[in-house]
Amino acid sequence: MTIHTANNDSFILAASLDLLKQHRISLQTGSDFEEYRTLLEQGRPDHELGAPFDPRLHNLNASNAVWVIGRDEDGTIMHAQALRMLDTGALPLSEYLRRRFHEFPPSGLDIDYERSRYRAGPGAHRIRGRVCYHGEVWMGGAPGKYRGSGLSCVLGRYAFLTAMQLWAPDYVIGFMPRPVAFKGFAERQGYMHAEPGCLRWFLRGGDKPLEGFMVYMSNEDIRFVLDMPLSELIAQAA
């Protein structure tokens, strides 16, 4: 297996951007999350910026966070995702989230935090060190426009590469609603590990919880995925 260095990261990026160019998609990145909020208001007016990336709640800057916006050939926003380093200190991720899972709620919902809970899976107990959180993942476009194109695979790969280039984290993690995970989105994004039932969110006045999966990749996992030929990944995701 090839271990990536700065010398061949440029080849991976070029291959990914070539596919985006074929679909006439351009990417914009930044670290000003007030700007990101404004862009989301334009491209996803029905979406509220999630708490993990709200600059009113966290000190987000170029050293610890980045967002990605994708636009189609008309300049319309059709994609968004964001990454942020977590300050877990010496704690394993399981303990960090046990204390602070309420900082990662589903966006735009009235959550009953007293009844909601986090349950660590085996992987979370092992995860420690430099941990990057990956969220705000969305791809729009007209129905069927991008389905089966492999773009979700490429955009997930782009996020992993961005994290590696900026921070070289020991792990990248994310949360995913159960219905989305069951549709195979975790695999299309490139995640190799998923822990079901780790989050149960209750809405105020509701009796049925929303279940969340935790997905994660180690540094070694990311390098393995980035080493796969892009054509193979697209064929698997399409």
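Let us look at the structure shown here.

Cut-offs applied
Residues numbered from 1 in each chain as written. Predicted model: local features only at pLDDT ≥ 70, side-chain atom pairs only at ≥ 80, totals over all residues. Heavy atoms only, no water. Phe/Tyr/Trp six-rings, centres within 6.5 Å; stacked < 30°, edge-to-face > 60°. Helix = DSSP H or I, 4+ residues; strand = E, 2+ residues; numbered from the N terminus. Buried < 20%, exposed > 50% of the residue type's maximum accessible area, 1.4 Å probe, protein only. Pairing = 2+ DSSP bridges. Axes fitted to C-alpha atoms, helices over the stretch in contact; angles between N-to-C directions. Parallel < 35°, antiparallel > 145°, perpendicular 65-115°, else oblique. Left-handed = near helix turned anticlockwise from the far one by under 90°. Contact = heavy atoms within 4.5 Å. Nonpolar A, V, L, I, M, F, W, Y, C, P; charged D, E, K, R; others polar.

Inspection of every chain in the model, using the stated rule, returns 11 aromatic pairs. Ring centres 5.5 Å apart and planes at 40° place the aromatic pair Phe-101 and Trp-201 in the tilted group. Placement of Phe-101 in the loop between helix H3 (93-100) and strand E4 (111-118) and of Trp-201 in strand E7 (residues 193-203) is noted, with a sequence separation of 100 residues between them. Pair check on accessibility: Phe-101 and Trp-201 agree, each one buried. Ring geometry for Phe-182 and Phe-213: centres 5.7 Å apart, planes at 85°, overall edge-to-face. Remark: Phe-213 occurs in strand E8 (residues 210-218) and Phe-182 occurs in helix H6 (residues 178-182); sequence separation between them is 31 residues. For Phe-182, a relative accessible area of 57% translates into the label exposed. The class of Phe-213 is buried, set by a relative accessible area of 9%. Of the aromatic side chains, those joined through ring pairs into one cluster are Phe-33, Tyr-36, Phe-53, Trp-67, Phe-104, Tyr-133 and Phe-175.

Looking now at the pairing of strand E3 (residues 77-86). Most of E3 is tucked away, with 10 of its 10 residues classed as buried. The loop that links strand E2 (residues 65-71) with its antiparallel partner E3 comprises five residues; one of these, Gly-75, has a positive phi angle of about 85°. Alignment of E3 against strand E5 (residues 131-139), held across seven bridges, turns out to be antiparallel. Looking at E5, one finds that His-79 is bridged to Met-139.

Axis angle and axis distance: for two packed helices, these are the angle between their axes and the distance between the axes, and together they describe the pair. The interhelical angle for the contact between helix H5 (residues 151-166) and helix H8 (residues 219-227), taken along N-to-C directions, is 125°, at an axis separation of 10 Å. With respect to H8, the axis of H5 lies oblique. Considering the relative orientation of H5 and H8, their crossing is left-handed. Touching Arg-157, Phe-160, Leu-161 and Met-164 of H5 are Asn-219, Ile-222, Arg-223, Val-225 and Leu-226, all from H8. For the contact of H5 with H8, the per-class residue count stands at six nonpolar, one polar and two charged.

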